[in-house]
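# Summary of the model geometry
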Amino acid sequence: MRAASAPLAARGWVARRLAAAGLGGVFALLLPAAAFAAPYWAVLGDSPQARSIQHLFWIVIGVAFVFLFGIEGALLYVVFRFRARPGDEGDAPQVYGNRRLEVWWTIVPALILVVMFIFTVRAVGEETAVAPNALPVTVIGHQWWWEFRYPTLGVVTANELHVPVGRSIDFTLESADVVHSFWLPLLGGKEQLIPGQKNRWTFTVDKAGSYDGACSEYCGGAHAWMRLTLVADTPAQFEAWAKAQAAPAASTGASAQALRVFTQNACSQCHAIRGTTASGAVAPDLTHVGSRTTLGGGVLANNAGDMARWLENPQAVKPGVLMPDLHLSADDLSTLTAYLEGLK
Amino acid sequence: MAATVLPPGTYPKDIGGESHTWLLSWVASVDHKKIGIMYIVTSLVFFAAGGIESLLMRWQLGTPENTFLTPDEYNQIFTMHGVTMIFFAVMPFLFGLANYLVPLMIGARDVAYPRLNAFSFWLLAFSGIMLYYSWIGGGAPNAGWYGYAPLTEHAYATSNGDSYYALALILSGIGTIATSINLIVTTIYHRAPGMSLRRIPIFVWMIIVTSFLSLFALPSLTGDMVMVLADRLLGAHFFDANAGGSDVMYQHIFWIFGHPEVYIMALPAFGVMSEVIPVFSRKPIFGYTFVVGSGVAIGFLSFGVWAHHMFTVGMTLTQDYFFSATSMAIAIPTGVKIFTWVATAWGGRIRFRTPMLFAFGFIAMFLIGGLSGVTLAIIPIDWQVNGSYYLVAHFHYVLFGGTAFAVFSGVFYWFPKMSGRMLSERLGVWQFWVMLVGFNLTFFPMHLMGLEGMPRRVYTYPDQLDLGGLNAISTLGSFILAVSIIIFIVNLWRSIRSGAPAGDNPWEAWTLEWATSSPPPAYNFLEIPVATSRRPLWDLAHPEDPDWAHEKEHG
Amino acid sequence: MATLTIPAADTHMGPTLGPKRLGVLLFIASESVVFFVLIAMYVVGQAHPNGPTPRAQLDVGHMILYSVALWASSATMAMALPRVQRDDQRGMRWWLLATVVLGAIFVIGEAQEWWLLYQDQISAARNLWATTFFMLTGIHGLHVIIGLIAIGTIALVSLRAPVSKSHESGLEVVSLYWHFVDAMWILIFGTIYVWSAVLGG
Ligand code: HEA
Ligand code: HEA
Ligand code: CUA
Ligand SMILES: [Cu+2]
């Protein structure tokens, strides 16, 4: 029972281990925990935006470490140097303060922060600039799944987002119900999806592959399984994908029968399958559901077995989900499973 | 003008005490010390509740795709954990301590309005009970401690939980505002002769600043909660986006409260540090004026940083920059405090008794949380870590590593005053080390989980990357933490029954609360003491080198 | 037993304001934040006009009279205080009575305003404007009523136990609160009636 994507398995192994060793070394005394570390977005990043954040992160962490080790070191020194020895009952020499020192330790951090602020402004500029030829994509958050619309391509899909490598994406973020947040750690940052408001976000993926993301603003019941996958295709692959997705569902002899089952079981009240009469608008578009890698916001992989499990009782798979248990008969279940898996 | 200070140990017991039953003597009490203790006991009970909730969460998160809790249960539990810890454990503890100490420290017999004080406490107790009643009354709140609209709207939260939540926060907020007024007026009007504002203990200063923060921050929360209730119960549309309501406004109003709130939880802790560290270093605080001034500066700044919780809601960049800059600026006065404490200990003759151990633990751990706070204030970094476990790590380092360590420091320090008995040093040292280890095991890995992309408030997570391992460590750590808390409870229990007698001033401290008996009589001081300087008891012991002789040169 | 000498200057503690008045001033400062929050919500809500609007529903001419009554009650309250110093408890009671009557007129006016809206099927649930309108005027009205009860109580009690001349008397404290409630109405009236109803938001 798990999403089938582990995009990092092969890549970045060295970088990950190195960073783990680095961080691990730093905290080895403090914490054996760090030995397990694979600090994902802090060392990997496949968009200029993500790398810009990464660089800034390490600069700031560097400054923080100076203060961290400086002060923790001072504390240790104080502990060993100034602890009262046995028999040392009296008071210490009374020192009431030192104005010059006090002023210095006010000014120095202030100056450091000014520099950090300048870095911040620069990085924000890098991360928010949208290129002129950007591909517009609308992301709509629903409890607990993602709707993706490509207004210029006529594509509507759910939970799996495809983008072409090397092209800037101009996201418009909206919500159909409560506040969600759109986060793809390796591609840099996140932004909330807020009802009644359109937010913008952008990045350019520069490496083909599949990326994990998640809703990272608590949005009720099944927030944990509001995950998403982004697939970065080469421009040619992307074009082919978009063309296939824009097409209506393929219809065959068997599909007419399956569609009847689909309609009888009220599926069509919620779901749309373009090219058929099913045109519900409150649930994921299923026109090409067979082509996606996961189901139910990442809770299941997409294969015949998992599809059957989903349809049998989505509540058991993803508790709280807004799709009811429809008590499908065994026949209907296998018909629908085969049909939906066939919608590539 | 001359005045006298009685030497310790010469105070008669209560004069003409009435014969109440034991229970009534507490419930009907308007004595600031009894009320303070009731606050503290209440807060410890809620701390245990919040702690047990956190253990349930940790158990659920210990392994990937665990099914120990359903999502619905988990969501209620993390909400209750956050609300309980903030509003019913930390705040009552700090206000309880303030209640107990402020009159004693400034040489007063009680607070300005003793009955209002009792009213505040009972309001708090009542609202806490009401909050917990929601488990029975149809379900606990489940929208997170900041209950972002529209998740609390009736359409999305159909149980009554969020109504209980809103009501409980309104009522406890009123109680807190009343206490704050009480504490401010007390400090302004009931100081002993000689106790000028430049001489009051730093703890009292921090309480004053905290009280002003409460005064101006809590009504904002009240406003938000009243509107939530109106939406839920009267069908109003404040946060109904379909009717044009603004969910972003909810966030603004919440954080206008919410950020000062985190300093409401931090400043009294800073105050405890500024009392404990000098006494155990056997030196005066290093630079009183800067310490007080930085506390006041934090107070003012804290009203100008709220939207750093909202870098991901799509504000204009100018707004983002403004709030980023102010948030970074808060590092400056906070840094002053840290440097000051180190400088106070520097060159001291440090007695590492338990209060001092926890104080050092505080500096060491709060520093980590403070520095991670600065990373959050950097807008692009926040875009990554907002809503992730990195943030959870940040606020547990400041809240547990900071405030809770200060709380334990304060308990070990003042328990002898409150009860007349010492806590066991041996158990205290054990508690400290077990806690330090458990704390870091629990919360350090959360930074890494955040860097790996784990969102907060998820009841489970897929088995990928190293999340399973990190979470397992964290869960292990939380149970070690629980052991340390149990050691503490045992220590309390044993000391109350058979602790060594404390005497009036076991730590050889210098502020006025140590000038009376332990526990102090109902009237605090037989004769109102005189504050000859910031450290009246030092002057008493060292007439040859009194403190006030140094006040001019080191103002 | 040690005897210590302290400079006389340090023995004079606290401003002359007095603890009770300081307390109520702090309370007022805190309360005003609630009003600012609700006013902000009102203003922001105006950006989404659908359904009834203040322009169509509210009649400034109607409400200004009642508002003047409320503001006048601040003046009568200010007249009552000096009477106490002149040992004129009767005079004080008359002025307090005037204050209560003026305040009550305002409450009646407000109630009428609500009733008229109610006749048009407008309640807090109708639209965003109505939500913010009822909340703001409702919370303010509640404050007025609490003030009236307090003033009335003081006037009645003074029949038995005269109000003391102290600057810390209950009347002094309540008068501060009353001025606050009236002053808030200037802001609220300005926002609701002038800004949104006349100027159209
Ligand atoms: C006791 C409570 C407490 C304290 C003291 C702090 C202190 C700080 N916090 Fe924290 N914070 C919380 C409790 C607290 N916080 C909580 C509960 C949340 C989460 C709420 C939620 O979402 O549920 C939160 C969330 C939070 C966010 C929002 C993140 C997000 O939602 O995306 C931000 C962003 O800026 C932030 C920043 C800071 C900063 C800059 C400080 C600073 O005050 C820290 C200053 C201290 C230091 C920096 C260390 C010492 C200084 C020096 C040694 C000087 C030199 C240093 C430098 C030059 C860097 N905090
Ligand atoms: C001061 C505040 C405070 C404190 C002290 C703590 C303490 C702890 N918190 Fe805290 N936590 C918050 C404030 C606090 N928390 C807040 C505000 C949130 C955000 C909520 C939200 O998202 O809305 C949060 C969220 C939060 C999460 C994230 C949940 C999520 O996002 O899904 C986690 C996860 O591990 C966690 C764990 C813990 C743990 C393990 C402790 C431990 O330190 C607890 C240690 C205590 C114990 C273990 C108790 C031991 C008690 C006993 C053994 C009882 C015995 C009793 C008797 C005999 C009477 N907390
Ligand atoms: Cu959507 Cu969390
Ligand atoms: Cu904050």
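An account of the accompanying structure is given in this report. This is a predicted model, so every value here is computed, not measured.

Turning our eyes to something else, we now look at the overall build of chain C. Counting its secondary structure elements, chain C contains six helices and one strand. Helices (α) and strands (β) of chain C occur, in sequence order from the N terminus, as β-α-α-α-α-α-α. Against the 2.2 N^0.38 benchmark of 17 Å for 201 residues, chain C shows a C-alpha radius of gyration of 21 Å, more extended than a compact globule. In terms of its C-alpha atoms, chain C occupies a principal-axis envelope of roughly 75 × 45 × 25 Å. Expressed as a percentage of its 201 residues, the buried residues of chain C come to 50%.

Residue and element names in this part refer to chain B. A lone protein donor binds the iron atom of ligand 1: His394 (NE2), at 2.2 Å. Here the copper ion (ligand 4) and the iron atom of ligand 1 are spaced 4.6 Å from one another. Examined against the element boundaries, His394 turns out to sit in helix 12 (residues 389-419).

This part is about the pairing of strand 6 (residues 180-183) of chain A. Residues and elements named next belong to chain A. Here strand 6 shows two buried faces, one formed by His180 and Phe182 and the other by Ser181 and Trp183. Between the antiparallel neighbours strand 6 and strand 7 (residues 190-193) lie six residues, among them Gly188 with a positive phi of about 100 degrees. Across two bridges, strand 6 lies against strand 9 (residues 209-215) in antiparallel orientation. Its bridge partner lying in strand 9, Phe182 is registered against Cys215.

Residues and elements named next belong to chain A. Here five strands make up an open sheet; going across it, the order is 3-2-1-5-8 and the pairing mixed. Of all strands in the sheet, those with a lone pairing partner are strand 3 (155-158) and strand 8 (199-204), marking the two edges. The average undirected angle you get between the axes of adjacent strands in this sheet is 25 degrees. Relative to strand 3, strand 2 (residues 145-150) runs antiparallel, the two sharing four bridges.

All names here are of chain B. Note on the iron atom of ligand 2: its protein donors are His81 (NE2) and His396 (NE2). The metal-donor distances range over 2.0 Å. For the iron atom of ligand 2, the six donor atoms are set out with angles of 87 to 180 degrees between them, so the coordination reads as octahedral. Highlighted residues: His81 in helix 3 (residues 71-105) and His396 in helix 12, separated in sequence by 315 residues. Look at His396 and you get buried, because its relative accessible area is 15%.

Let us now look at the interface of chain A and chain B. Contacts between the two partners involve 96 residues from chain A, matched on the other side by 104 residues from chain B. Buried area between chain A and chain B, summed over both chains or domains, comes out near 8700 Å², and the portion from carbon and sulfur atoms is 69%. On the chain A side of the contact with chain B, Tyr96(A), Trp105(A) and Tyr218(A) bury the most area, a combined 10% of that side's loss. In this structure, Arg282(B) and Asp91(A) form a salt bridge, with 2.8 Å as the shortest nitrogen-oxygen distance.

Counting 344 residues, the largest nonpolar core has Phe171(A), Phe182(A), Leu230(A), Phe87(B), Phe254(B) and Phe362(B) as the members making the most contacts within it. Tallying contributions element by element places helix 3 of chain B first for this core, with 22 residues. Not counting residues within four places of it along the chain, the set of residues in contact with Phe362(B) comprises Ala269(B), Phe270(B), Met273(B), Trp341(B), Leu367(B), Gly401(B), Gly402(B), Thr403(B), Phe405(B) and Ala406(B).

To continue, consider the site of ligand 2. All names here are of chain B. Taken together, the neighbourhood of ligand 2 is formed by 33 residues, with Tyr74, His81, Trp145, His396 and Arg457 sitting nearest. In the model, an oxygen atom of ligand 2 is placed 2.8 Å from a nitrogen or oxygen of the Arg58 side chain. Contacts to ligand 2 include Trp145, whose backbone N or O atom sits 2.7 Å from an oxygen atom. Elements with a minimum of two residues in the shell around ligand 2: helix 2 (32-61), helix 3, helix 12, helix 13 (425-451) and helix 14 (467-498). Of the residues forming the shell around ligand 2, the biggest block, seven residues, is contributed by helix 3.

What counts as what
Residues numbered from 1 in each chain as written. Chains lettered and ligands numbered in written order. Predicted model: local features only at pLDDT ≥ 70, side-chain atom pairs only at ≥ 80, totals over all residues. Heavy atoms only, no water. Helix = DSSP H or I, 4+ residues; strand = E, 2+ residues; numbered from the N terminus. Rg over C-alpha atoms; globule rule 2.2 N^0.38 Å. Buried < 20%, exposed > 50% of the residue type's maximum accessible area, 1.4 Å probe, protein only. Donors = N, O, S within 2.8 Å, 3.2 Å for Na, K, Ca; no water. Pairing = 2+ DSSP bridges. Axes fitted to C-alpha atoms, helices over the stretch in contact; angles between N-to-C directions. Tetrahedral: all angles 85-135°; square planar, octahedral: opposite > 155°, others 65-115°. Contact = heavy atoms within 4.5 Å. Buried area = accessible area lost by both parts, 1.4 Å probe. Salt bridge = Lys/Arg side-chain N within 4 Å of Asp/Glu carboxyl O. Core = buried A, V, L, I, M, F, W, Y, C linked by side-chain atoms within 4.5 Å. Near = heavy atom within 4 Å. Polar contact = N/O pair within 3.5 Å; in protein donor to acceptor, adjacent residues only side chain to side chain.

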